[in-house]
Structures are given as structure tokens and as C-alpha cells.
Amino acid sequence: AYEIRPRDWSSDVCSSDLSFLITMAPYGDATVETPMRAVARDLQSTGDLAYVGFQFYNDNAPTTSSVLSKMQSWMTDTGIRADQFVLGFWAGPWDWPAGYVMTESTMASIYNGVRAVYPTLRGTYTWGIRGTDQVRNWAYATTMWPVVHA
């Protein structure tokens, strides 16, 4: 079990007069997601949360509707906005047998479907772009860059 108490450290960091970014990368497992929602709620309430980079690759392959459902749930529960939500996709070759990955065209389709509902969607990321994308001639980066910046 996680014991995360952001108020214990957030105010100390914020009072330091430093510019910084707090990010989160939760995923669908309740043992991770439940405490991360609490952290996000606290950080959002203090104005310290820049964005949530939700991992849509640790469970089953996502669909546009499942991503929209998860986003809506998080926004309702934590108070984050669409412009604070980043979609995480797994683009590397190592977990293909486990089903954690999808093609870049599927990623682009999901991203476009979500952005049609939430035009201020913050962006997308993949885990370890150099190690996972470089070996595939930057397929993720070259596909998703124009999608995100369209």
C-alpha cells in the first residue's frame, strides 16, 4: 500500500521560490490509481499539479471510449482539466506479446477522437522514447508530432 501525503512536501517545495513541474503517471490498477487520485486532488487544490500523464498501456489496449471514460472520471474526481491530461501510449517492441502496445495509427486515432471531445487535451507521451522509439526509426515521434500539433 502507498502512503503519499503531498501536503507534507508540497508546501515546502512551493515556498522555495523555484520553478518546477510535478507530474504523475498513474494507470488502471486500483492499488496505484486510487492513491494517485488522492494525490492529484490534493495537488490540484493547492495549484501544484501541472499535468497527469495517464498510462494507457499497463492494462488492456485502450479505445477512444475507454480513454474518454477514464479522463472524465479523473476530471470529475480530482478537478483536473483537459489541458492537464496527457495520454501515455507504449510504443516499444518489448511488450508486444503482452498486449501493452498498439500501432501508431491506433494511437493517432485515439488521440484525435479524444481531442474532438476535449480540444485542449495537453498531449501524449511514450515511456522511454529513446530506447523504445529510436529502435523503430522514431515511428512514434514522427507519427504523433503532427497529430498533436494539428
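Everything in this summary refers to the structure shown in the same document. (Residues numbered from 1 in each chain as written. Predicted model: local features only at pLDDT ≥ 70, side-chain atom pairs only at ≥ 80, totals over all residues. Heavy atoms only, no water.)

Moving on, we come to the nonpolar core. One recurring pattern in soluble globular proteins is that nonpolar side chains are buried together. If you look at the biggest cluster of nonpolar residues, it comprises 30 residues, and the most contacted ones within it are Met71, Trp74, Phe85, Leu87 and Val114. Looking at this core, the elements with two or more residues in it are α2 (30-46), β2 (51-55), α3 (64-78), β3 (85-89), α4 (104-117) and α6 (139-148). (Core = buried A, V, L, I, M, F, W, Y, C linked by side-chain atoms within 4.5 Å. Buried < 20%, exposed > 50% of the residue type's maximum accessible area, 1.4 Å probe, protein only. Helix = DSSP H or I, 4+ residues; strand = E, 2+ residues; numbered from the N terminus.)

Moving on: the packing of aromatic side chains. For the structure on display, the rule yields 4 aromatic pairs. Summarising the aromatic geometry, the rings of Phe54 and Phe56 are spaced 4.8 Å apart at their centres and angled 45 degrees between planes, so their arrangement reads as tilted. Across this residue pair, the class does not change: Phe54 and Phe56 are buried. Ring centres of Phe56 and Phe85 lie 6.5 Å apart, and the angle between their planes is 40 degrees; this geometry places the pair in the tilted category. Here the residue Phe56 occupies a position in the loop between β2 and α3, and Phe85 occupies one in strand β3, the gap between them amounting to 29 residues. For Phe56, a relative accessible area of 7% translates into the label buried. Clustering of aromatic rings is evident, with ring pairs tying together Phe54, Phe56, Trp74 and Phe85. (Phe/Tyr/Trp six-rings, centres within 6.5 Å; stacked < 30°, edge-to-face > 60°.)

What follows is about unusual backbone geometry. Of note in the backbone geometry, Trp138 takes a positive phi value of approximately 60 degrees without being a glycine. Assignment of secondary structure puts Trp138 in the loop between α5 (129-133) and α6.

Our focus in this paragraph is the packing of α4 against α6. At a minimum axis separation of 10 Å, α4 and α6 run at an interaxial angle of 20 degrees. Relative to α6, α4 is oriented roughly parallel. In this structure, α4 crosses over α6, and the sense of that crossing is right-handed. Across the interface between the two elements, Glu104, Met107, Ala108, Tyr111, Asn112 and Arg115 of α4 pack against Ala139, Tyr140, Thr143, Met144, Val147 and Val148 of α6. When grouped by side-chain class, the residues that make up the contact of α4 with α6 number 8 nonpolar, 2 polar and 2 charged. (Axes fitted to C-alpha atoms, helices over the stretch in contact; angles between N-to-C directions. Parallel < 35°, antiparallel > 145°, perpendicular 65-115°, else oblique. Left-handed = near helix turned anticlockwise from the far one by under 90°. Contact = heavy atoms within 4.5 Å. Nonpolar A, V, L, I, M, F, W, Y, C, P; charged D, E, K, R; others polar.)

Turning our attention to the pairing of β2. With respect to burial, β2 is a largely interior element, 4 of its 5 residues being buried. Relative to β3, β2 runs parallel, the two sharing 4 bridges. Counted as the bridge partner of Val52 is Phe85 from β3. (Pairing = 2+ DSSP bridges.)

As a further point, take α4. Here α4 spans 20 Å end to end across 14 residues, near enough to the 20 Å set by a 1.5 Å rise per residue. Buried within α4 are the following residues: Glu104, Met107, Ala108, Ile110, Tyr111, Val114 and Arg115. Angular distribution of buried residues about the axis of α4 spans 165 degrees; they occupy a single face of the element. Of the exposed residues in α4, those oriented more than 90 degrees away from the buried face are Ser105 and Ala116. Buried residues along α4 sit against α3, β3, β4 (123-126) and α6. (Expected span 1.5 Å × (residues − 1). Arc of directions from axis to C-beta.)

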